[in-house]
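# Coordinate inspection notes
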Amino acid sequence: MKRSVGLFLMIMYCGFAGAQESNEEGVDLLKAPSSPAAQLLNFAPNAIERPTDLSSFWLSFNNATSNLTKLPTSYAVDFLPASLFTSRFITLKDLQSQNTGKIFWQTLDISLGYKSDTAGGQSFSRTAIGVKFSVVRPGWSTETYRKYKRLSELQSRLTEQVEVADEEIEADPAYAEKLKERRKARTEHGINSTQYEKVNGELQLLRDSLLNSFRTEKIIKNNAGYTELTKIARDFTIERSGPFLDFAGGVAIRFPTNDLGYSFADNAGAWLTGGYEGGNQNLSIYGVARYLYQPERIYADPGNTIPTKNISTFDIGARLLYASKDDKFNLSFESIYRSILTKSIIDPSWRLSFSAEYDIGFNQKLTFNFGRDFDKTITKSGNLIAAFNFIVGFGNKRIINGGSSGSSQPDPDTTE
């Protein structure tokens, strides 16, 4: 099972990486690691995660160094349904929204993880599934908004140079299908019905998306300033500043014999992460409150003196982070205090961790950590850093503003 899962993830990585190389219209959205599954499997770079904008799909590998002579044994795959399945309806401008519903949908993260582990000299596999979303999201910084305005103005100037005929849009199969759906809603429910308004709104969004897509194709063919636009877009990153609050949770499953037919729940938990994001070249402070039911091991009990069944723990901690200009490099320090809720015969424990993150390329991050774990061990190998984590994001295309200047809109009363 271990080899199959690892091979599957590596194939997925190679396939998506090839597609990423040709993605010239994308923007760099991957700001920080963020994976609930990695948290539940205990290989996330930090227990307290930074608020971040994420690509549609991203993959992380973890390597407990061993002088970097072994292949990674921990993997996490995360994706955002909103960006993966409805990206044509989400523009860069939408990522500024402070509407609670939009924030939830745009930040909803489905997380899957795998880890090869050992206990008592026997190897086994663990998997996890988790979810994460933002309740409160920091707003864009002044510098980010200024860069966005430049992009928007350049896009508007370029799109005014090309014309897209209504016939081109109406010939699109998806648009024709949506027209049929609107016709059916009008016939069955009437033009003033909620159903009709919903479908009609979706039709307008689809039209705007197709309009931008067709215009982009024509701009590329004519090279009408397209090279300049893509260069600016490729250098565009989102810097956020302000208070935030994220929720995450999930469950981990153990396969003690590496047999898919035999498994049991290993641990489950939920946590809130909040604080203040200071942006680039500023200090940020984050905090976490996390509940875990029967975590993978009771760190407060390194001698295994108490039974591990039906154990609940509660973590509370803080993290300080400083990010460099353009967030190419950042350093952080975090401390977590863990208490046992269902047992009182042992003392609480704590964890300290120092970490650094480096931007090694477009939507790619490398992190490394060093610190003291809950069981008082110093996580290291020889004189090298404790662990490396590589994160890469895919699916980062975004329409700049979704505008449709210069094109007539379908008349809902007459155009079918």
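Model, not experiment: these values are computed from the prediction. (Residues numbered from 1 in each chain as written. Predicted model: local features only at pLDDT ≥ 70, side-chain atom pairs only at ≥ 80, totals over all residues. Heavy atoms only, no water.)

## What about the overall build of the protein?
- From N to C terminus, the protein includes 9 helices and 13 strands.
- By the burial criterion, 50% of the 416 residues in the protein qualify as buried.
- For the protein, contacts bridging at least 24 residues in sequence account for 70% of all contacts bridging at least 6.
- Of the accessible surface of the protein, which amounts to about 19,700 Å², a share of 57% is contributed by carbon and sulfur atoms. (Helix = DSSP H or I, 4+ residues; strand = E, 2+ residues; numbered from the N terminus. Buried < 20%, exposed > 50% of the residue type's maximum accessible area, 1.4 Å probe, protein only. Contact = heavy atoms within 4.5 Å. Areas by Shrake-Rupley, 256 points an atom, 1.4 Å probe, with all protein chains shown as cover.)

## A few points about the environment of leucine 179
- Take leucine 179: it is sitting in helix α7 (residues 173-189).
- The class for leucine 179 is buried, based on a relative accessible area of 9%.

## Regarding the nonpolar core
- Judged by nonpolar contacts, the single largest core of 20 residues is most densely connected at Leu40 and Ala128.
- Counting only elements with at least two residues in this core, the list comes to α2 (36-40), β6 (240-255), β8 (283-293) and β9 (312-323).
- In this structure, Ala82, Tyr148, Val162 and Ile232 belong to the second largest nonpolar core, which totals 17 residues. (Core = buried A, V, L, I, M, F, W, Y, C linked by side-chain atoms within 4.5 Å.)

## Description of helix α9 (residues 226-235)
- Of the positions making up α9, those classed as buried are Tyr226, Leu229, Thr230, Ile232 and Ala233. When α9 is viewed along its axis, its buried side chains cluster within an angular range of 160° and face the same direction. The exposed residues of α9 that point more than 90 degrees off its buried face are Thr227, Lys231 and Asp235. (Arc of directions from axis to C-beta.)

## Digging into the packing of aromatic side chains
- Taken as a whole, this structure holds 7 aromatic pairs when the rule is applied.
- An angle of 70° between the planes, with centres 4.9 Å apart, marks the rings of phenylalanine 104 and phenylalanine 133 as edge-to-face. On the criterion of sequence distance, the pair formed by phenylalanine 104 in helix α4 (residues 100-107) and phenylalanine 133 in strand β4 (residues 122-136) is long-range, its members being 29 residues apart.
- Residue phenylalanine 104 is classed as partly exposed on the basis of its relative accessible area, which comes to 36%.
- By way of ring pairs, the aromatic residues Phe104, Phe133 and Phe247 are connected into one cluster.
- Looking at arginine 290, its charged tip hangs above the ring of tryptophan 271, at a distance of 5.9 Å from the centre. (Phe/Tyr/Trp six-rings, centres within 6.5 Å; stacked < 30°, edge-to-face > 60°. Lys NZ or Arg CZ within 6 Å of the ring centre and 35° of its normal.)

## Here we look at the side chain of serine 97
- Examined against the element boundaries, serine 97 turns out to sit in the loop between α3 (81-85) and α4.
- Classification of serine 97 as buried rests on a relative accessible area of 16%.

## Some words on the pattern of salt bridges
- Counting across every chain of the model gives 10 salt bridges.
- Between arginine 146 and glutamate 143 there is a salt bridge whose closest N-O contact spans 2.5 Å. Of this pair, arginine 146 and glutamate 143 both sit in helix α5 (residues 142-159), 3 residues apart, which is roughly one turn of that helix.
- What makes arginine 146 partly exposed here is its relative accessible area of 39%.
- Among the residues examined, glutamate 143 registers a relative accessible area of 34% and is labelled partly exposed.
- Residue glutamate 202 pairs with lysine 178 through a salt bridge whose shortest N-O separation is 2.9 Å. You can see glutamate 202 sitting in helix α8 (residues 194-222) and its partner lysine 178 sitting in helix α7, a full 24 residues away along the chain. (Salt bridge = Lys/Arg side-chain N within 4 Å of Asp/Glu carboxyl O.)

## Some details on unusual backbone geometry
- The phi torsion at glutamine 281 lies on the positive side, around 55°, for a residue other than glycine.
- Within the secondary structure, glutamine 281 is located in the loop between β7 (264-277) and β8.

## Some details on a nonpolar patch on the surface
- Together, Tyr291, Tyr293, Phe314, Ile316, Tyr337, Leu341 and Trp350 line one region of the surface with nonpolar side chains, adding up to about 650 Å² of accessible area.
- At the level of secondary structure, the elements contributing two or more residues to the nonpolar patch comprise β8 and β9.
- Position of leucine 341 among the secondary structure elements: in the loop between β10 (329-340) and β11 (349-361). (Patch = residues over 30% accessible without salt bridge, like charges linked within 9 Å, V, L, I, M, F, W, Y side chains within 5 Å.)

## Observations concerning the pairing of β10
- In this sheet, β10 lies alongside β9 in antiparallel orientation, the contact comprising 11 bridges. Within β10, the residue paired with arginine 319 across the bridge is glutamate 334.
- Adjacent in sequence and paired antiparallel, β9 and β10 are bridged by 5 residues, among which aspartate 326 carries a positive phi angle near 60°. (Pairing = 2+ DSSP bridges.)

## With respect to the confidence of the model for the protein
- Overall, the predicted model of the protein reaches an average pLDDT of 75, with 70% of residues at or above 70.
- Element-level mean pLDDT values for the protein span from 40 in helix α1 (residues 2-21) up to 94 in β8.
- Low pLDDT, under 50, characterises residues 378-386; the predicted model gives this stretch 22 contacts beyond four residues in sequence or across chains. (pLDDT = per-residue confidence, 0-100.)

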